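Secondary and tertiary structure notes
Below are the chains, spelled out letter by letter.
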Amino acid sequence: MTTPFQQPPQTVRRLVVEVIDARNLLPKDGQGSSSPYVVADFDGQRKRTTTRFKELNPVWNEPLEFIVSDPDNMEFEELEVEVYNDKKFGNASGRKNHFLGRVKLYGTQFSTRGEEALVYYTLEKRSVFSWVRGEIGLRIYYYDEMLDEDDKPPPQEEQPERTEQNKPPPGVGLVQEESPRVEQCVPLPTGPPHSPGVVVVEESPPPVVQVPQDPPLPEMCDPPASEMQFHQEVRKMQASRGERVKILRRPNGDYSPKDISGKKTGAESERVHPFDLVEPMQYLFVRIVKARGLAPPTEGPYVKVRTSSHYVRSKPASFRPSEPTDLPEWNQVFALGYNKTDVNGATLEISVWDFPTENFLGGVCFDLSDVPVRDPPDSPLAPQWYRLEGGSADQNPGRVSGDIQLSVWIGTQSDSAFPEAWCSDSPYVAHTRSKVYQSPKLWYLRVTVVEAQDLNIAPNLPPLTAPEVRVKVQLGFQSQRTRRGSMNHRSLSFHWNEDLLFVAAEPLEDSVIVLLEDRTSKEAALLGHIVLPLSSIEQRIDERHVAAKWFPLEGGPYCGRVHLRLCLEGGYHVLDEAAHLCSDFRPTAKQLWRPPVGILELGILGARGLLPMKSKGGGKGSTDAYCVAKYGKKWVRTRTVTDSFDPRWNEQYTWQVYDPCTVLTVGVFDNWRMFADVSEDRPDCRIGKVRIRVSTLESNRVYTNSYPLLVLTRTGLKKMGEIELAVRFACPSLLPDTCAVYGQPLLPRMHYLRPLGVAQQEALRGAATKMVAQWLARSEPPLGHEVVRYMLDADSHVWSMRKSKANWFRIVAVLAWAVGLAKWLDDIRRWKNPVTTVLLHILYLVLVWYPDLIVPTGFLYVVLIGIWYYRFRPMIPAGMDTRLSQAEAVDPDELDEEFDTMPSSKPPDVIRMRYDRLRMLAARVQTVLGDFATQGERVQALVSWRDPRATKLFIGVCLAITVTLYAMPPKMVAVALGFYYLRHPMFRNPMPSATLNFFRRLPSLSDRLM
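1. Thoughts on the overall build of the protein chain
A count of helices and strands for the protein chain gives 14 helices and 45 strands. A buried classification covers 41% of the 1010 residues belonging to the protein chain. In the protein chain, the share of contacts with a sequence separation of at least 24, taken over all contacts with a separation of at least 6, comes to 71%. Roughly 56,900 Å² of accessible area belongs to the protein chain as shown, and the carbon and sulfur atoms make up 56% of that amount.

This is the structure in structure tokens:
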């Protein structure tokens, strides 16, 4: 047999020309601008970029890819890049597009991939009569690609300038960026089967990205990933360090609030009508009170309520101990869905049945067209006695006897009986009812440990060894220990004078336990203890002095005594939320509360397009959603609408507002506790939340908007649906009381007289959050621990690379105005617009000659800016911003690190990789801090004689300036300096100025670092 000849694998060389941007192009569209595009020609292939409309400094960021037919002779090939003005976007005359410039490059100037750099080339003329200016930024590189047997290089055909015929098949979403950078979406291999659309950005020729629709998430409880996935992630991080992960970019409308008010609801009115923010939902209410004279007597009768579309059954009757056994009571209300179109001919049947034997005991029938309508604030409808009747199929109607007391009416969700009623859209269990909760009243407990005397210290200590005595204070789950006490050898007493702060909740039923420990040896020895009930501790609301007391230690015949100062601080506000998201700043003591400035009304209309959170029988997806809103100490919870992706709650709640600079938080959750046993604790899964700052709401205006529900999981950002809310802040606008709030301190007075440290405040906030969660978990129905922590942002202090980047870009955005001002001044100095520069010279002369106009002119400028930006004011209260949160482009390992536990539960190689990444980031921060220190040390070196020659020069220049300013009028000096700064570029040297060169040569202390 002959062995076939093995050909070596074929390779194809590709040349990539990344057209980044262009600067200072020539206007040629007849309107003072240009609409440029770029055409690149290489090896017989011609490709172009998109057109940038009316932009003299266009930005493309588009890669143009060519195939090198002869890699060995590539250095002799020529690349020609030309810039044109698209005449279709302007009033320019002529049949051809206007030429804006070109650049010619040869293969010797190309770099391999990984070594390329952004280079700006000056645009050249095509002929003597060409008129061009500006420069273009290009990044050019090439790479060799391996080809399989079946793959062939694509033919070198001329690409069309614009392709718009390719359309995706039905059922596939189309994502097309405005930026022509081409991306292909490849799902991540390490993810759950129902992970959202997280994609890896790769280079690929097609200009359109086809993305399948997101599959539904089974749950949002974030199951832990396996260790095999962690090792795969580490291998992927080591293999490709530069890859990024991007969330599929949807249009901005999907992630931004929308106005859903059908008509203008912003009519300002001082009169506020109750329940006018939500849609009225009509219900048929049936109140079953009790029965009498049932025949035969039964032990457990129950009632059936039936309409054409609903059937419900009451609980078994109860009997009072002192009443006869023929008077069963139910005291139960049913709220059945009611539709006016189905009233004609419809009936309501109420029947009584025997529970053990299922015998019919009688019934009552009502015509729904005769049922009265109750409108609040009418009083409840009085129940009446109705004679029980037998059915038409009953052979012995005479045996039915007795009466039943009930009332039937038609009302809405604003009815007083609705919260406790059995609703037809949710089952009658405790975990599905709508309720209002109150957070516990929290106090700060200050324990000042002064000294201790007569302690029984072990006598057998080594020589020259001082005993190490510490005081440990416990309050519930909180525990703190003092530092080592200083010993007085004359009186054998120990001194601390140290404050310990705890969080205490009403009712003050707990006790403070004070333990004195001798920690000289490895094992701590208890010297004594004290138990003090919280109810016996003095309360104070200001900074008045509280007397310290001596307390005898328990634990033996006589263990000594300790000197303590204890008080409950009522002048502080106990933070259970992050300070920038706080909904209440009132102190604990009610005596210090100011009067409210308005009322906040929230109408929770419903949700749309929720994703399935659980699966029921037959694999059908289901969601049992309820809503929680929190503002101040008041929490509200709507009823649970079962098995619905578009639940409608239409519930309205109100809060008193004491400070408008606060935040309202609304969250949506999926109910799991309704399916759990009493002994089983199944946490509810979060669907998303929305924050609304009250100060951004106009007075007495109704905002009816739809907000996206966004959740960030281990696999990326996920949109879970939308929630529809109606909000109104009813307050007298611009009255003295409202305006005075903005001039008052944000926190109570004690926070400024005796401030708390940042780390101490964060620890106390964690304890307060845990106490609130424990308190609300004891309610019925309970608010789960996971719900409270999610609403209070208990994990906001956890390290996250994503949040660090978001905060950095926030700082950059804050300083953008200064950068813009500097660029504007630089353009003025370069005389890019001569008219503006001349006007600025005139304004400068006026301000220098009349300096008293500088301050009022500055304030007038601020007023004009405020009036100008009034046109761009936000019309809708903002929700979660994905772009500001840096949630649209996240590295998968950074997300996994954000959701990691503390301490970490990852393998050592993953922790090592993250530690190295953190060291790299810290090195950059260290360099920046060193640069700041260097500049400050150079300023100090001006007069410190560290460089004698530089100091002599500086002092001599200062002396010359002093003599000049004494001899010349200051206005003339200011005019001369200003005109020198704004001089024409033809009189300016492009090299750095002498002053800057002198400053850069000054010594710093960096050369002394080891």
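Next, the rest of the story.
2. As for the sheet that holds strand β17 (residues 301-306)
Pairing between sheet strands relies on hydrogen bonds along the backbone, with the strands arranged either parallel or antiparallel. A sheet is described by the order of its strands in space; here four strands give the open sequence β18-β17-β20-β21, paired in antiparallel fashion. The sheet is open, and its two borders are formed by β18 (311-313) and β21 (360-367), each paired with just one other strand. The mean angle between the axes of side-by-side strands here comes to 15°, regardless of whether they run parallel or antiparallel. Bridge count between β17 and strand β20 (residues 347-354): six bridges; the pairing is antiparallel.

3. So, the side chain of R102
If you trace the backbone, R102 turns up in strand β6 (residues 98-106). In terms of polar contacts, R102 uses its side chain to reach the side chain of E80, at 3.3 Å. What R102 contacts, discounting residues up to four positions off in sequence, is E80, V81, E82, T122, L123, E124, K125 and R126.

4. Section: the nonpolar core
Ranked by size, the top nonpolar core spans 65 residues in total, and within it V503, L600, L602, W635, W655 and I723 carry the most contacts. The element contributing the most residues to this core is helix α4 (residues 758-777), with seven residues. Among the nonpolar cores identified, the runner-up in size contains 31 residues, and V471, L475, L500 and F551 belong to it.

5. A closer look at the packing of helix α8 (residues 834-849) against helix α13 (residues 970-981)
In the contact formed by α8 and α13, the axes pass within 10 Å of each other and the chain directions differ by 160°. With respect to α13, the axis of α8 lies roughly antiparallel. Judged by the sense of rotation from one axis to the other, the crossing of α8 with α13 is right-handed. The segment α8 lies against α13, with H841, Y844, L845, V848 and W849 engaging K971, M972, A974, V975, G978 and F979. Tallied by class, the residues present in the contact of α8 with α13 amount to eight nonpolar, two polar and one charged.

6. Notes on the environment of W799
By the element assignment, W799 lies in the loop between α5 (785-791) and α6 (801-814). For W799, a relative accessible area of 36% corresponds to the partly exposed category. Taking the C-alpha atoms as reference, W799 lies 9.8 Å from D900; in sequence the two are 101 residues apart. Engagement of the side chain of W799 in a polar contact is seen with the side chain of E897, the distance being 3.2 Å.

7. Focus on the packing of aromatic side chains
Using the criterion set out here, one finds 18 aromatic pairs in the structure. Summarising the aromatic geometry, the rings of Y631 and W655 are spaced 6.4 Å apart at their centres and angled 70° between planes, so their arrangement reads as edge-to-face. Of this pair, Y631 sits in strand β39 (residues 625-631) while W655 is found in strand β41 (residues 648-657), placing the two residues 24 residues apart along the sequence. A residue is classified by how much of its surface remains accessible, and Y631, at 3% relative accessible area, is buried. Chaining the aromatic ring pairs together yields one cluster made of Y283, F285, W409 and F418. The ring of F99 has R126 lying over it, and the distance from NZ or CZ to the ring centre is 4.2 Å. The residue whose ring lies beneath R637 is Y626, and the NZ or CZ to ring-centre distance is 4.1 Å.

8. A closer look at the pattern of salt bridges
Counting across every chain of the model gives 53 salt bridges. With a closest N to O distance of 3.1 Å, R749 and E543 form a salt bridge. In this pair, R749 is assigned in the loop between α2 (736-741) and α3 (750-753) and E543 in the loop between β33 (539-540) and β34 (549-552), connecting sequence segments 206 residues apart. Among the residues examined, R749 registers a relative accessible area of 55% and is labelled exposed. Put simply, R714, D893, D896, E897, D900, K906, R914 and R917 are held in one network by salt bridges that share partners.

9. Describing the sheet that holds strand β44 (residues 702-713)
The five strands lie next to each other as β15-β44-β45-β36-β41, forming an open sheet whose pairing is antiparallel. Sheet topology places β15 (258-259) and β41 at the edges, where each strand pairs with a single neighbour. Across 12 bridges, the pairing between β44 and strand β45 (residues 716-730) is antiparallel. By the bridge assignment, L709 is partnered in β45 with G721.

10. A closer look at α4
Between its terminal C-alpha atoms α4 stretches 29 Å, which fits the 28 Å expected from 20 residues at 1.5 Å a residue. What α4 keeps buried is the set Q761, L764, R765, A767, A768, T769, M771, V772, A773 and L776.

11. Topic: unusual backbone geometry
With an omega of 0°, the peptide bond between E506 and P507 qualifies as cis. Assignment of secondary structure puts P507 in the loop between β30 (493-505) and β31 (511-518). Cis geometry is adopted by the peptide bond preceding P781, which originates at E780 and carries an omega value of 0°. Here P781 lies in the loop between α4 and α5. One non-glycine residue, N24, adopts positive backbone phi at about 55°.

12. Comments concerning the pairing of strand β36 (residues 598-608)
Burial analysis of β36 places nine of its 11 residues in the buried class, which makes it a mostly covered element. Both β36 and β41 contribute to a ladder of eight bridges, which runs antiparallel. Looking at the pairing, G598 lines up with V657 of β41. Two strands pair when backbone bridges link them, and β36 and β45 are joined in this way by nine bridges, in the antiparallel orientation.

13. Quick word on the confidence of the model for the protein chain
Looking at the protein chain as a whole, the pLDDT averages 81, with 83% of positions reaching at least 70. Segment residues 1-6 is flagged for pLDDT under 50; beyond a separation of four residues in sequence, or across chains, it makes zero contacts in the model. Contacts for the low-pLDDT stretch residues 152-253, under 50 throughout, to residues beyond four places or in other chains number 167 contacts.

14. Quick look at a nonpolar patch on the surface
Among the surface-exposed residues, V835, V838, L839, I842, V846, W849, Y850, L853, M968 and M972 lie close enough to one another that they form a single nonpolar patch of about 930 Å² accessible area. With six residues, α8 is the single largest residue contributor to the nonpolar patch. For V846, the position within the fold is in helix α8.

15. Notes on the environment of N61
Here N61 is to be found in strand β4 (residues 59-68). In sequence terms N61 and D21 are 40 residues apart; their C-alpha atoms lie 6.8 Å from each other.

16. Brief notes about the environment of A525
Positionally, A525 belongs in strand β32 (residues 525-533). The exposure class of A525 is partly exposed, given its relative accessible area of 36%. A sequence separation of 67 residues divides A525 from A458, and the C-alpha atoms of the two residues are 9.4 Å apart. A525 has contacts with L516, E517 and D518, leaving out every residue within four places of it along the chain.

Conventions adopted
Residues numbered from 1 in each chain as written. Predicted model: local features only at pLDDT ≥ 70, side-chain atom pairs only at ≥ 80, totals over all residues. Heavy atoms only, no water. Helix = DSSP H or I, 4+ residues; strand = E, 2+ residues; numbered from the N terminus. Buried < 20%, exposed > 50% of the residue type's maximum accessible area, 1.4 Å probe, protein only. Contact = heavy atoms within 4.5 Å. Areas by Shrake-Rupley, 256 points an atom, 1.4 Å probe, with all protein chains shown as cover. Pairing = 2+ DSSP bridges. Axes fitted to C-alpha atoms, helices over the stretch in contact; angles between N-to-C directions. Polar contact = N/O pair within 3.5 Å; in protein donor to acceptor, adjacent residues only side chain to side chain. Core = buried A, V, L, I, M, F, W, Y, C linked by side-chain atoms within 4.5 Å. Parallel < 35°, antiparallel > 145°, perpendicular 65-115°, else oblique. Left-handed = near helix turned anticlockwise from the far one by under 90°. Nonpolar A, V, L, I, M, F, W, Y, C, P; charged D, E, K, R; others polar. Phe/Tyr/Trp six-rings, centres within 6.5 Å; stacked < 30°, edge-to-face > 60°. Lys NZ or Arg CZ within 6 Å of the ring centre and 35° of its normal. Salt bridge = Lys/Arg side-chain N within 4 Å of Asp/Glu carboxyl O. Expected span 1.5 Å × (residues − 1). pLDDT = per-residue confidence, 0-100. Patch = residues over 30% accessible without salt bridge, like charges linked within 9 Å, V, L, I, M, F, W, Y side chains within 5 Å.

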